[in-house]
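In case you want the letters, here they are:
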Amino acid sequence: MNAPDLITTSSAAGLAGQAPDKQYRAVIFDWDGTLLDSTYHIVEALLGACRDLGLREPSREEAGWVIGLSLQAALYRLVPELGADRQDAFVDRYRAHFMALQHEMHFFEGQVRLLRDLHAGGAILGVATGKSRRGLDDSIARLDLRGLFRATRTVDEARGKPDPDMLLQLLAELDLDPGAVLMVGDTTHDVLMAQAAGVDSLAVAYGAHKPSLLESARPTALAATVPEMQAWIRARVA
């Protein structure tokens, strides 16, 4: 398998003037850590819930690794000592911390403009996220993004990442060939999901997972910064 297309600041700046290698009809975005600058807040909420329940507090890196998974899957990985009888209490404390921090969360600079430009240009946009349906809908409404996404999937409606179920459902609903679709995400869970669905992936290294970890999953391309991600997509989406 070829190495991912590693983007540098200089090469990203010149993408608009180059003939793109491939054009995509649709882009499916992860939410937290990819579009929404929320990685820090999710980690803080997870650590806060651990403290509230007197559990071993994982490292920030360990907490960041589970971002993108369903909350239940994250708990099995992050706090395996948590008994089934205390899972609801953990979820309640996590959500309380997350909601307290929600007003601090915002889209990365330029992401709303990117979405609006892609939508105006006729690109099909979707979301595949580990958030709940209520959480995603609330976030879309709060950020005034209704109408931009043709279809979305959450862990309430599909098996969690890295299982390809979310992407496969979106491909079927939107009647898209996998080769026409790009998945964009900040974790290896996104990359592995895309691979399992036969979809190209753009990994972004400004979110939850470090560049070295993302490289190990072999994405189609890896962008180090938000501007590089935006330039790569603009050059390859009609």
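Residues numbered from 1 in each chain as written. Predicted model: local features only at pLDDT ≥ 70, side-chain atom pairs only at ≥ 80, totals over all residues. Heavy atoms only, no water.

Caption draft 1: Inspection of the pairing of strand β2 (residues 26–29) at higher detail. Taking every second residue as pointing to the same face, both faces of β2 are buried, with Ala26 and Ile28 on one and Val27 and Phe29 on the other. One ladder, built from 4 bridges, connects β2 with strand β5 (residues 124–128); its direction is parallel. Of the residues in β5, the one forming a bridge with Val27 is Leu125. Inspection of the sheet shows β2 paired to strand β7 (residues 181–185) by 4 bridges, in the parallel sense. Bridge pairing in β7 places Ala26 opposite Val181. (Buried < 20%, exposed > 50% of the residue type's maximum accessible area, 1.4 Å probe, protein only. Helix = DSSP H or I, 4+ residues; strand = E, 2+ residues; numbered from the N terminus. Pairing = 2+ DSSP bridges.)

Caption draft 2: Layout of the packing of aromatic side chains. Within the structure shown, the criterion is met by 5 aromatic pairs. Consider the rings of Tyr24 and Trp232, whose centres lie 6.4 Å apart with planes at 35 degrees: the pair is tilted. Of the two residues, Tyr24 sits in the loop between α1 (9–13) and β2 while Trp232 sits in helix α11 (residues 226–236), which places them 208 residues apart along the sequence. By relative accessible area, Trp232 is classed as buried at 3%. A connected cluster of aromatic rings, assembled from ring pairs, spans Trp31, Phe107 and Phe149. Directly above the ring of Trp65 sits Arg77, whose terminal nitrogen or CZ lies 4.0 Å from the centroid. (Phe/Tyr/Trp six-rings, centres within 6.5 Å; stacked < 30°, edge-to-face > 60°. Lys NZ or Arg CZ within 6 Å of the ring centre and 35° of its normal.)

Caption draft 3: Seen up close, the pattern of salt bridges. Counted by the stated rule, this structure contains 17 salt bridges. Between Arg133 and Asp137 there is a salt bridge whose closest N-O contact spans 2.9 Å. Taken together, the positions of Arg133 and Asp137, both in helix α7 (residues 133–142) and 4 residues apart, correspond to about one turn of that helix. We classify Asp137 as partly exposed; its relative accessible area is 37%. (Salt bridge = Lys/Arg side-chain N within 4 Å of Asp/Glu carboxyl O.)

Caption draft 4: Looking closely at the pairing of strand β8 (residues 200–204). Summarising burial for β8: 5 of the 5 residues are buried, a large majority. In β8, alternate side chains face the same way, and those of Asp200, Leu202 and Val204 on one face and Ser201 and Ala203 on the other are all buried. With 4 bridges joining them, β7 and β8 adopt parallel strand pairing. Residue pairing for β8: Leu182 is matched across the bridge by Asp200. One crossover worth recording links β7 to the parallel β8 by way of helix α9 (residues 188–197), and it is right-handed. As judged from the 3 bridges shared by β8 and strand β9 (residues 221–223), these two strands associate in the parallel manner. Looking at β9, one finds that Ala203 is bridged to Leu222. (Right-handed = clockwise from strand over helix to strand, strands pointing away.)

Caption draft 5: Spotlight on the packing of helix α8 (residues 165–174) against α9. At a minimum axis separation of 8 Å, α8 and α9 run at an interaxial angle of 50 degrees. Compared by their axis directions, α8 and α9 come out oblique. For the element pair α8 and α9, the recorded crossing hand is right-handed. Of α9, the residues touching α8 (which contributes Met166, Leu167, Leu168 and Leu171) are Met193, Ala194 and Ala197. (Axes fitted to C-alpha atoms, helices over the stretch in contact; angles between N-to-C directions. Parallel < 35°, antiparallel > 145°, perpendicular 65-115°, else oblique. Left-handed = near helix turned anticlockwise from the far one by under 90°. Contact = heavy atoms within 4.5 Å.)

Caption draft 6: How the structure looks around the layout of surface pockets. The volume enclosed by the largest pocket comes to roughly 660 Å³. If you trace the largest pocket, you find 30 residues lining it, with Tyr94, Arg95, Gly130, Lys131 and Ser132 closest to the centre. Contributing elements (two or more residues each) for the lining of the largest pocket: α2 (39–52), α4 (71–78), α5 (87–101) and α7. For the lining of the largest pocket, the leading source of residues is α7, giving 5 residues. In terms of residue class, the lining of the largest pocket is made up of 13 nonpolar, 9 polar and 8 charged. The computed volume of the second largest pocket comes to approximately 210 Å³. Forming the walls of the second largest pocket are Arg56, Glu61, Glu62, Gly64, Trp65, Arg77, Leu78, Ala208, His209, Lys210 and Leu213. (1 Å grid on protein atoms, 1.4 Å probe; cavity = no way out; pocket = protein on both sides within 12 Å on 5 of 7 lines; lining within 4 Å. Points joined across faces, edges and corners; volume = space filled by probe spheres on them. Nonpolar A, V, L, I, M, F, W, Y, C, P; charged D, E, K, R; others polar.)

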